[in-house]
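This is what each chain is made of:
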Amino acid sequence: MKITIFGMGYVGVVSGACLLHDNHDIIGVDPVEAKVADLAQGRSPIQEPQVAELLAAGRRAGRLTATTNPADGLPGSDMVWVCVGTPSDPDSGINLNAVETVVGQIGRLLRTSPDRPLIVLRSTSLPGTTAERVIPLLEKESGLTVGDDIHVVFHPEFLREGCAVGDFFEPPKIVVGEATPGAGDTLVKVYESYEAPVFRLGLGEAEMVKYCDNLFHALKITFANEAGALAKAAELDARQVAAVFCADTKLNISPRYLRPGSPFGGSCLTKDLRAILRQASLKSVRVPMLERVLESNDRQITTLVQRICAHQPRSVGLVGLAFKPETDDMRESPYVKVAKALIGEGIELRIYDPTVEPQRLIGSNRKQVQAALRHLEDLLVGSIEGLSGMDVIVVNHRTVDADQVDRWLAAGSIVLDTVGIEGVDRHASGYEGLYW
Ligand SMILES: NC(=O)c1ccc[n+]([C@@H]2O[C@H](COP(=O)([O-])OP(=O)(O)OC[C@H]3O[C@@H](n4cnc5c(N)ncnc54)[C@H](O)[C@@H]3O)[C@@H](O)[C@H]2O)c1
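Residues numbered from 1 in each chain as written. Predicted model: local features only at pLDDT ≥ 70, side-chain atom pairs only at ≥ 80, totals over all residues.

### Re the domain arrangement of the protein
When cut into domains, the protein gives domain 1 (2–203) and domain 2 (296–433). Distance between the C-alpha centres of domain 1 and domain 2: 48 Å. (Domains from an automatic or database assignment.)

### Observations regarding the pairing of strand S1 (residues 2–6)
Successive side chains on a regular strand alternate, one facing one side of the sheet and the next facing the other. Most of S1 is tucked away, with four of its five residues classed as buried. Relative to strand S2 (residues 25–29), S1 is paired through five bridges, and the arrangement is parallel. Pairing of Ile5 across the sheet is with Gly28, part of S2. Inspection of the sheet shows S1 paired to strand S4 (residues 79–82) by four bridges, in the parallel sense. In the sheet register, Thr4 faces S4, and the bridge partner there is Val80. (Buried ≥ 20, exposed ≤ 12 C-beta atoms within 10 Å, placed from the backbone. Helix = DSSP H or I, 4+ residues; strand = E, 2+ residues; numbered from the N terminus. Pairing = 2+ DSSP bridges.)

### Details of the packing of helix H6 (residues 129–142) against helix H9 (residues 203–233)
For the pair H6 and H9, the least separation of the axes is 8 Å and the interaxial angle reads 115°. By the angle class used here, H6 and H9 are roughly perpendicular. Between H6, through Thr129, Thr130 and Ala131, and H9, the contact on the second element is made entirely by Leu203, Gly204 and Glu207. Taken together, the residues of the contact of H6 with H9 break down into two nonpolar, three polar and one charged. (Axes fitted to C-alpha atoms, helices over the stretch in contact; angles between N-to-C directions. Parallel < 35°, antiparallel > 145°, perpendicular 65-115°, else oblique. Contact = placed C-beta atoms within 7 Å. Nonpolar A, V, L, I, M, F, W, Y, C, P; charged D, E, K, R; others polar.)

### A look at unusual backbone geometry
In the Ramachandran plot, Glu235 falls in the positive-phi region, its phi being about 60° despite a non-glycine side chain. Along the chain, Glu235 turns up in the loop between H9 and helix H10 (238–247). Assessed through the 6 C-beta atoms surrounding it within 10 Å, Glu235 is described here as exposed. Not every positive phi belongs to a glycine, and Tyr257 is a case in point at roughly 65°. On the basis of neighbour counts, which here come to 9 C-beta atoms within 10 Å, the residue Tyr257 falls in the exposed class.

Printed below as a string of structure tokens:
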């Protein structure tokens, strides 16, 4: 394929070098003359292992050209990859000047050209950017309609500098956000021989995947360092602790606890966070990220209450009161807090939790729940039918199925689902997920 790359920085050059290796023809477009001069000689304008060799080989094969003139880059191209920078603005926002300049140039060139290359955005951009900024600009400047005359995809890059070539050829995943279904067909062909899983999704979701990755990586490093600081303050071998922590691929380094939805609760997480923060404070160790975790979790509980109250219900049914199903442990359960807040709002409350039997509760479990919900016996219903007719039904536990949710919806209740019951039509009238 003939692929034009706008922006020959780290991402553009590495992509170009690797695509040359895959036998594509590459035209690099960049306003910096020194970069273009290097590329035109088959030299790399960046320092990155293997890139120089790949570019030189591509140049020798006559498949690499470079130009400062966008008009020279476009003719005959199957795809245009936009790899320009999206640096921080002084207000911390993202600077889209280079993306908009390039998209404007491409649009104006397409207005007078028969070429209809696939437009591939690679520059990291906030969710909504491609749909709300890039596509309208492209349509305005080209006079074309995206989806009919020309196609656009957002295709985030996951390479790491220093091992970027290896990351390009063996990516953890290939993500293609499509403006319209099938828009990414041409792009996906590039990766036919790659082993990585290909995910085709909406533009915004693809943009968000890139941020999720970087947020999580930042979070992981900060977590490791804060945990290290706590271990060091206790005169422990932080690396040994980290190694054992990472060896647990069932609960720690795994998809566990990474589904958006319910807040956390239970007898351990909250208590243990509090205890370690107290110890850190006594030892003057600052762990700002961990210090904010409980606040963030409380925010989730408040959000859930607000989402319920936004419907101005007279009555609410809760499915699940314990912090998770199959246990009657209600210590630090977020749903006890939700129940208490709803009662405080004067809302009639009914709770279905088959594992909770008030007469069998003992010790601190009994004490805590009684302090929050004095008349628990009166709130609990013995069967799921007991929630019928409630204005809003909040599903906290996966103890009901899609048929039950459908029956509630058909009867006119609003169902707010924090766990994502399988099989429910997410667009059904009256059905809301917490984060979907
Ligand atoms: N560097 C990374 O490791 C990495 C990894 C993944 C994603 N990203 C994202 O990819 C994008 C590019 O990052 P980068 O590190 O390659 O940036 P970079 O600053 O190294 O390169 C950007 C290039 O775009 C060129 N450019 C600017 N205006 C132009 C225009 N009008 N026409 C053509 N070229 C133009 C610049 O001269 C420069 O060569 C960013 O959005 C970044 O967040 C970077």
